[in-house]
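Descriptive analysis of the structure
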Amino acid sequence: WYQRRVHGKQWYQRRVHGKQWYQRRVHGKQWYQRRVHGKQWYQRRVHGKQWYQRRVHGPEPEVNCSRIGKASKCERHSTCMWLTSAGCIDVSPPTTEEPQETYRPTDPPAADCSSAPTGKSCNKRSGCTWDKRTRACLAEDNATEPATEAPAPTCADATKSKHCQAPCEWTGADARGRGGSCTAPTTRPERTCADATKSKHCNSPCVWTAGRPGVCSEPATTDACANIDGNRTCKNTEGCSWDKRALACVSRDGGSSSGGGPADIRAVLAPLVADFDFEEFSTNPKNKKKLCKLSNPATKLLPKAMRTGFQTLADDGAITGMSKRERAAALDGLVSELSNCEGGSCRQFQAQFTPLYIFVRVCDQDQNAADLIGN
């Protein structure tokens, strides 16, 4: 009595009768059977063996009852019955085959195209198509009408920038892209050679003239003698003469013998540094650092013809002590001297130009230096 009073009736029942008795009392006999014997045992007990076999193994296959010769095997099948006089007979109910109705296709109901709000939902419906001009879902019969009935869209019809397609232009928007309108394209003035400020923008037939800064100009009049190669062939051609400064064949009437121009001096300067690989030093920073070390430059990285001149330049404190801007100005002055020199004095200027140009372009990384030789 004390234990029931202190611990309760349920605790006392579990202690006296056991846990299994208590589970049957609380949860019922069926719950206890499923817990102890398993779900499959319970299903066979409640629904029968045949139901369980159909659930586990599928529907019972068709059986020819007349071929079964034993009563025990005959009674295993629900569609068979054993008779002492007749043996195993089939007792399945006869199946009456009903005549199948012949399918006759009918016309589909007319699709309600007007209720489709978007083009994606419109195209999914049978017999409907999306009209981009009117931005509405129409039946295919109405959509095949000639397009001349609706006026052609204009630039002003577009209310958003994404609908403003070429050749129209979206103009008047602020820095954040707000506002603006779609307008017809304006006639732009044709670009001239003088509009190009860099050599890469100076396209044919324009000609880039080297200098600081360079100038993109109209092409000069074609010289018939310019296509002749070689000094001897040029002199033997009537009306042509060989220009020693430009190293080119020109006509006697309007050649460059009277002084030449910047385009002519570029043809003279380019061969002076043709043996130097500028791309190698631009892609390999270690070689550039070795070459630009003024105390002991790595002249072995240069061609043999340029080593002595570059070493002399490194030893000259007047040149290496200048700033980048001063060395660029000195290079421009040297180019000016080369364009006006004659005879043996040109050789001295050419020997000074090669190391100074390499130093300004590689070590000082002057971007305008490439325009002097056109590369």
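One can find the structure itself at the top, above this paragraph.
This section reports on the structure supplied with the text.

About the cut-offs
- Residues numbered from 1 in each chain as written.
- Predicted model: local features only at pLDDT ≥ 70, side-chain atom pairs only at ≥ 80, totals over all residues.
- Heavy atoms only, no water.
- Phe/Tyr/Trp six-rings, centres within 6.5 Å; stacked < 30°, edge-to-face > 60°.
- Buried < 20%, exposed > 50% of the residue type's maximum accessible area, 1.4 Å probe, protein only.
- Salt bridge = Lys/Arg side-chain N within 4 Å of Asp/Glu carboxyl O.
- Axes fitted to C-alpha atoms, helices over the stretch in contact; angles between N-to-C directions.
- Helix = DSSP H or I, 4+ residues; strand = E, 2+ residues; numbered from the N terminus.
- Parallel < 35°, antiparallel > 145°, perpendicular 65-115°, else oblique.
- Left-handed = near helix turned anticlockwise from the far one by under 90°.
- Contact = heavy atoms within 4.5 Å.
- Patch = residues over 30% accessible without salt bridge, like charges linked within 9 Å, V, L, I, M, F, W, Y side chains within 5 Å.
- Areas by Shrake-Rupley, 256 points an atom, 1.4 Å probe, with all protein chains shown as cover.
- Lys, Arg positive; Asp, Glu negative; His and termini not counted.
- Charge placed at Lys NZ, Arg CZ, Asp CG, Glu CD.
- Disulfide = S-S within 2.5 Å.

**Brief notes about the packing of aromatic side chains**
Centre distance and the angle of the planes are the two values used to describe a pair of aromatic rings. All chains considered together, the criterion is met by 4 aromatic pairs. Summarising the aromatic geometry, the rings of Phe-276 and Phe-278 are spaced 4.6 Å apart at their centres and angled 65° between planes, so their arrangement reads as edge-to-face. We classify Phe-276 as buried; its relative accessible area is 6%. By relative accessible area, Phe-278 is classed as buried at 12%. Ring centres of Phe-276 and Phe-281 lie 4.9 Å apart, and the angle between their planes is 15°; on these two criteria the pair is classed as stacked. Ring pairs connect the aromatic residues Phe-276, Phe-278, Phe-281, Phe-353 and Tyr-357, which therefore count as one cluster.

**A word on the pattern of salt bridges**
All told, the structure shown has 2 salt bridges when counted by the stated rule. The shortest N-O distance in the salt bridge between Asp-131 and Arg-133 comes to 3.7 Å. Residue classification places Asp-131 among the buried positions, given a relative accessible area of 12%. Relative accessible area serves as the criterion here: at 43%, Arg-133 is assigned to the partly exposed category.

**Here's the deal with the packing of helix α16 (residues 324-340) against helix α17 (residues 345-363)**
Where α16 meets α17, the axes come as close as 10 Å, and the angle between the chain directions of the two elements is 150°. The angle between α16 and α17 places the two elements in the roughly antiparallel class. Between α16 and α17 lies a crossing whose hand is left-handed. Note on element contacts: α17 touches α16 through Cys-346, Phe-349, Gln-350, Gln-352, Phe-353, Leu-356, Tyr-357, Phe-359 and Val-360, opposite Arg-327, Ala-330, Leu-331, Leu-334, Val-335, Glu-337 and Leu-338.

**Remarks on a positive patch on the surface**
Together, Lys-49, Lys-70, Lys-73 and Arg-76 make up a region of like positive charge exposed at the surface. Residue class for Lys-73 comes out partly exposed when judged on its relative accessible area of 43%.

**Describing the state of the cysteines**
Going through the model one piece at a time under the given rule, you end up with 11 disulfides. Disulfide pairing places Cys-65 opposite Cys-80 at an S-S distance of 1.8 Å. With the S-S dihedral at roughly -70°, the linkage between Cys-65 and Cys-80 falls on the left-handed side. Of this pair, Cys-65 sits in the loop between α6 (49-57) and α7 (71-74) while Cys-80 sits in strand β1 (residues 80-83); the two residues are 15 residues apart in sequence, bridging distant segments of the chain. Take Cys-65 and Cys-80: they sit in the same class, and that class is buried. Between the sulfur atoms of Cys-193 and its disulfide partner Cys-206 the distance amounts to 1.9 Å. Judged by the sign of its S-S torsion, about -75°, the bond between Cys-193 and Cys-206 is left-handed. Linking Cys-193 in the loop between β6 (181-183) and β7 (207-209) with Cys-206 in the loop between β6 and β7, this pair joins segments that are 13 residues apart in sequence. With respect to class, Cys-193 is no different from Cys-206; both count as buried.

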